[in-house]
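# Understanding the architecture of this molecule
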Amino acid sequence: MVELPPATPLLGMGLPELERWAVAHGQAAFRGRQLHDWLYAKGARSLDAISVLPKAFREQLAAAPPEAGFDWIGRSRELHRSVARDGTTKLLLGTHDGLSLETVGIPAEGRLTVCVSSQVGCPMACSFCATGKGGLQRSLAVHEIVDQVLSVREVMDQRPSHVVFMGMGEPLLNIEAVLAAIDCLCSDLGMAQRQITVSTVGVPKTLPTLAARALERLGRAQFTLAVSLHAPDQRLRQELIPTAHTYPLEALLEDCRRYVALTGRRLSFEYVLLGGVNDQPRHAEALSRLVRGFQSHVNLIPYNPIAEEQFQRPAPGAVEAFRRALQARHVAVSVRASRGLDADAACGQLRRRLIDPGGNG
């Protein structure tokens, strides 16, 4: 007797799981291989579309769907699409329980980066972020994360080359689903870990856990970890990130050192430049002291304004001066090119504008 997998969507399952699922439902193991091909290579949205499966089997499954409210495949539905002049494409996707989330496809010469969400909303309440304005509704399941990559591939008709967990939510509050999604993206969609970035604003005592679980689940931790600093001192960081009061910068950086020791991987530090707030020469000097001694890279991100806040985008001259100041102090640094500025570029903006015009989450 083959043990039935729990009532979860097929999307997110690997080949061995799909073979076991097929056998558990009275089919030959090779049906699992067919399912794998149609799920990940063809992007099937329903079992009925998988024409290689026997019609009687498809009808049997249609008559007995899972009880959790989703269909057997687990694909989200597209609610809205916003395309910028530069080709950046933001999708608003609807979940089985009536929630919505954002994902973005960012094309560049020879590559397509998908920015995925790990939660619906976010509890971190960063003052400059639209996502945090409505709080957290729930974490996303594995199939809902993987679906974002498939949806962007489908809409943009291009194979994604990179995935960044920089959308809605805090990935370190959903570690198991994030790691399972990375496993699926690599094992089933053929991506490499080095093409994947996980971004965090910092959750106390989770970085060593992330390292340990990544080594257990994935065998190695070769994805890039990007730690969002956004300020070079604790006082300013708490003003920008209210939850930072529970996680002093010194403790965060110590956990970063432990992560590097456990994984052997270089860190990336992210720093959103807010005009007149954290983009002055003294901030650059303090930041260079903060990251000294790390095998790291600083990624400067000029702010994308949102309607709910008065923060301003920094002047181009201030961005360049900040970059040069870090470079002069031997800090590896780059400036992220702004994309999709005419298409609700900041994370969470599209969802709030379409789903909750009143700003109530």
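See the structure printed just above.
Reading guide: rules and limits
- Residues numbered from 1 in each chain as written.
- Predicted model: local features only at pLDDT ≥ 70, side-chain atom pairs only at ≥ 80, totals over all residues.
- Heavy atoms only, no water.
- Helix = DSSP H or I, 4+ residues; strand = E, 2+ residues; numbered from the N terminus.
- Rg over C-alpha atoms; globule rule 2.2 N^0.38 Å.
- Buried < 20%, exposed > 50% of the residue type's maximum accessible area, 1.4 Å probe, protein only.
- Contact = heavy atoms within 4.5 Å.
- Expected span 1.5 Å × (residues − 1).
- Pairing = 2+ DSSP bridges.
- Right-handed = clockwise from strand over helix to strand, strands pointing away.
- Arc of directions from axis to C-beta.
- Core = buried A, V, L, I, M, F, W, Y, C linked by side-chain atoms within 4.5 Å.
- Salt bridge = Lys/Arg side-chain N within 4 Å of Asp/Glu carboxyl O.

Scanning the chain from terminus to terminus reveals 11 helices and 12 strands. In terms of C-alpha radius of gyration, the chain reaches 21 Å, essentially the compact-globule figure of 21 Å for 361 residues. Projecting the C-alpha coordinates of the chain onto the three principal axes gives extents of approximately 70 × 45 × 40 Å. Across the 361 residues in the chain, those meeting the buried criterion constitute 55%. Put simply, 68% of the contacts in the chain that link residues at least 6 apart link residues at least 24 apart.

Secondary-structure assignment places Ala130 in the loop between strand S5 (119–121) and strand S6 (136–139). Look at Ala130 and you get buried, because its relative accessible area is 2%. Separated by 33 residues in the primary sequence, Ala130 and Asp97 place their C-alpha atoms 22 Å from one another.

Moving on to helix H4 (residues 142–156). Under the 1.5 Å per step criterion, the end-to-end length of H4 is 22 Å for 15 residues, consistent within 8% with the ideal 21 Å. Residues of H4 that are buried include every one of His143, Glu144, Ile145, Val146, Asp147, Gln148, Val149, Leu150, Ser151, Val152, Arg153 and Met156, and no others. Where H4 ends, the next residue or the one after it, Asp157, has phi of about 50 degrees, a positive value.

The element strand S11 (residues 296–302) is largely enclosed, with a buried count of 7 among its 7 residues. Judged by which residues are buried, S11 turns out to be covered on both faces: Ser296, Val298, Leu300 and Pro302 on one side and His297, Asn299 and Ile301 on the other are all buried. In terms of strand pairing, strand S10 (residues 267–273) meets S11 through 7 bridges, oriented parallel. Paired with Phe269 across the two strands is Val298, which belongs to S11. Where the polypeptide runs from S10 across helix H9 (residues 281–291) and back to S11, its parallel neighbour, the crossover connection is right-handed. Pairing analysis gives 3 bridges linking S11 to strand S12 (residues 333–335), with the strands arranged parallel. Across the sheet, Val298 pairs through a bridge with Val333, a residue of S12.

Leave glycine aside and you will find that most residues have negative phi; peptide bonds, for their part, are mostly trans. Even without being glycine, His230 reaches a positive phi, approximately 65 degrees. On the secondary structure map, His230 appears in the loop between strand S9 (224–228) and helix H7 (234–240). One non-glycine residue, His330, lies in the positive phi region at around 65 degrees. Positionally, His330 belongs in the loop between helix H10 (316–328) and S12. For His330, a relative accessible area of 77% translates into the label exposed.

Below, the discussion takes up helix H3 (residues 55–63). For H3, the full list of buried residues reads Phe57, Arg58 and Leu61. One side of H3 holds all its buried residues, which, seen down the axis, span an arc of 100 degrees. Residues of H3 that are exposed and point more than 90 degrees away from the buried face comprise Lys55, Ala56, Ala62 and Ala63. Buried residues in H3 make contact with helix H1 (15–24).

Before going further, it helps to spend a moment on the nonpolar core. Formed by 101 residues in total, the largest nonpolar core has its most connected members in Phe165, Ile182, Phe223 and Phe269. Examining the composition of this core, we find that 9 residues originate from one element, helix H5 (residues 175–187), more than from any other. Apart from residues no more than four positions distant in its own chain, Phe165 is found in contact with Val116, Ser118, Ile145, Pro171, Val178, Ala181, Ile182, Ile196, Thr197, Val198 and Ser199.

Our next topic: the pattern of salt bridges. Under the definition given, this model contains 21 salt bridges. Among the ionic pairs, Arg75 bridges to Asp147, the shortest N-O distance being 2.4 Å. Within this pair, whereas Arg75 is found in the loop between H3 and strand S1 (77–83), its partner Asp147 is found in helix H4, the two being separated by 72 residues in sequence. In this structure Arg75 comes out as buried when scored by relative accessible area, which is 11%. Here Arg257 makes a salt bridge to Glu254, at a shortest N to O gap of 3.7 Å. With Arg257 and Glu254 both in helix H8 (residues 249–263), this residue pair falls 3 residues apart, about one helical turn. Counted as one network, the salt bridges with shared partners bring together Arg45, Arg75, Asp147 and Glu154.

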